[in-house]
Amino acid sequence: MDTGLVLIFIIGFVVGIFSGLLGIGGGILIIPALMYLPPLFNVVALPIKEATGMAATQALASGFSSSWVHYRKGNLLLGLVLLLAITAVIGGYLGGLTSGLYPDLWLKLAYLIALAFVIVLLVWPPGGQRAEEAPIQKTFAEVLQIRHIWIAVGLCLLVGYMAGLLGIGGAIFLVPIMYSLLRLPTLNMIGSSAGVVALIGISTFIGKLQGGIIPLTEALVLTVGAVIGGVLGARLSSHIPGNILRMLFIALMIASFARMALEFL
């Protein structure tokens, strides 16, 4: 059995557990894991371009599975998802298609910025603390009346492009938009974000596939491991205090940031 494929499956499985525990797409963890863990086991490291392609494949599968669950629970605002997807999908395709054109150093710098963004959001949540609100339902006409909705639609072009460029799904950028700008209840924010991520995932995958930077066999093995781990992580999440999970994730993000930042020194 190919040692590299076994290691990729294990990486997907472990990252999937953390994704299920922490409720965030695994791409932000998968990319540094694919780049820096294989050499520790005498396996050739993956270039960042291929790592983003594999992360995009995993994000596509995870996005659809999670958005379907949220849709069934009534947390996903379908009209909002479709509206934001107008620009997000275009951005995702362009980001995925052009990601192979950027030098590796530029992609690493963009990924460092994304990591820093996540760390800031975790340490200092946007909009501050507010009372928990019950999920709401809105028709498409009502969605059009949400304050700042067209600003959010415009921002989603950039969100989609960054997601497509890095193969990370885009939830880390969508959350502050939906929470602080659109002021959605938490469950609607999570569910609708998952829906937009799923649609971005389609365009990102197609763009990266056309760009020739997705090793399909490795991407499939990674995705299977991540999906299995994600189910296990989601089941474990209810048994671990939220503060511990948050601190664990912050520690992982800081470690990933520090390791990649060393390449710029």
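About the criteria used
- Residues numbered from 1 in each chain as written.
- Predicted model: local features only at pLDDT ≥ 70, side-chain atom pairs only at ≥ 80, totals over all residues.
- Heavy atoms only, no water.
- Helix = DSSP H or I, 4+ residues; strand = E, 2+ residues; numbered from the N terminus.
- Contact = heavy atoms within 4.5 Å.
- Areas by Shrake-Rupley, 256 points an atom, 1.4 Å probe, with all protein chains shown as cover.
- Salt bridge = Lys/Arg side-chain N within 4 Å of Asp/Glu carboxyl O.
- Buried < 20%, exposed > 50% of the residue type's maximum accessible area, 1.4 Å probe, protein only.
- Phe/Tyr/Trp six-rings, centres within 6.5 Å; stacked < 30°, edge-to-face > 60°.
- Expected span 1.5 Å × (residues − 1).
- 1 Å grid on protein atoms, 1.4 Å probe; cavity = no way out; pocket = protein on both sides within 12 Å on 5 of 7 lines; lining within 4 Å.
- Points joined across faces, edges and corners; volume = space filled by probe spheres on them.
- Nonpolar A, V, L, I, M, F, W, Y, C, P; charged D, E, K, R; others polar.
- Patch = residues over 30% accessible without salt bridge, like charges linked within 9 Å, V, L, I, M, F, W, Y side chains within 5 Å.
- Axes fitted to C-alpha atoms, helices over the stretch in contact; angles between N-to-C directions.
- Parallel < 35°, antiparallel > 145°, perpendicular 65-115°, else oblique.
- Left-handed = near helix turned anticlockwise from the far one by under 90°.

K.L.:
Even after reading the chapter, I still don't get the overall build of the protein, so can you show me in this structure?
P.N.:
Across its full length, the protein carries 11 helices and 0 strands. Sequence-distant contacts in the protein: of pairs separated by 6 or more residues, those separated by 24 or more amount to 85%. About 12,400 Å² of surface is accessible on the protein, with carbon and sulfur atoms providing 72% of the total.

K.L.:
Got a minute to help me understand the pattern of salt bridges in this structure?
P.N.:
When the charged atoms of two side chains with opposite charge come close together, those side chains can pair. Per the stated rule, a full pass over the model turns up 1 salt bridge. Note that Asp104 is salt-bridged to Lys49, the shortest N-O span being 2.5 Å. Separated by 55 residues along the polypeptide, Asp104 in helix α5 (residues 104-123) and Lys49 in helix α3 (residues 48-73) bring together distant segments of the chain. Here Asp104 falls in the partly exposed class, since its relative accessible area comes to 30%. Residue Lys49 is classed as buried on the basis of its relative accessible area, which comes to 18%.

K.L.:
Just checking my understanding: could you explain the packing of aromatic side chains for this structure?
P.N.:
The way to describe two aromatic rings as a pair is by their centre distance and the angle between their planes. According to the stated counting rule, one finds 2 aromatic pairs in the structure shown. Seen in terms of ring centroids, Tyr102 and Trp106 are 6.1 Å apart; in terms of plane orientation they differ by 45°. Their pairing is tilted.

K.L.:
How should I be thinking about α3 in this particular structure?
P.N.:
Structurally, the α-helix is built with 3.6 residues per turn, so residues lying three or four positions apart point the same way. Taking 1.5 Å per residue as the helical rise, α3 with its 26 residues ought to reach 38 Å, and the 36 Å between its terminal C-alpha atoms agrees with that figure. Looking at the residues trailing α3, positive phi occurs at Gly74, about 85°.

K.L.:
Help me understand empty space enclosed by the protein in this model?
P.N.:
Taken as a whole and judged by the stated rule, the model has 1 cavity of 30 Å³ or more. Looking at the largest cavity, its volume works out to about 30 Å³. At 3 residues, helix α9 (residues 186-210) tops the list of elements feeding residues into the lining of the largest cavity. Across the lining of the largest cavity, the residue classes break down as 5 nonpolar, 4 polar and no charged.

K.L.:
Looking at this model, I keep getting lost on unusual backbone geometry. Mind explaining?
P.N.:
Where the residue is not glycine, phi is negative for most of them; where a peptide bond is considered, it is trans in most cases. The phi angle at Asn42 is positive, at roughly 60°, despite the residue not being glycine. Mapped onto the secondary structure, Asn42 falls in the loop between α2 (27-36) and α3. Phi is positive for Arg183, which is not a glycine, with a value near 60°. With respect to the helices, strands and loops of the structure, Arg183 is situated in the loop between α8 (171-181) and α9. Accessibility expressed as a relative area gives 44% for Arg183, which makes it partly exposed.

K.L.:
Even after reading the chapter, I still don't get a nonpolar patch on the surface, so can you show me in this structure?
P.N.:
Taken together, the side chains of Val6, Phe9, Ile10, Val14, Leu220, Val224 and Ile228 present a nonpolar region at the surface, about 540 Å² in accessible area. Of all elements in the fold, only α1 (3-22) and α10 (216-237) reach the threshold of two or more residues within the nonpolar patch. Element by element, the count of residues in the nonpolar patch is highest for α1, at 4 residues. Among the structural elements, Val14 can be located in helix α1.

K.L.:
Help me out: how do you make sense of α8 in this one?
P.N.:
Taken together, the buried positions of α8 are occupied by Ile172, Phe173, Leu174, Pro176, Ile177, Met178 and Tyr179. In the segment just after α8, Arg183 is the residue with positive phi, at about 60°.

K.L.:
I would appreciate a short explanation of the packing of helix α7 (residues 149-166) against α9 in the present structure.
P.N.:
To characterise two packed helices, one gives the angle between the axes of the helices and the distance between these axes. Between α7 and α9, the shortest axis-to-axis distance is 9 Å and the interhelical angle comes to 45°. With respect to α9, the element α7 is oriented oblique. Here the hand of the crossing between α7 and α9 comes out right-handed. Note on element contacts: α9 touches α7 through Ile200, Thr204 and Lys208, opposite Val159, Gly160, Ala163, Gly164 and Leu165.

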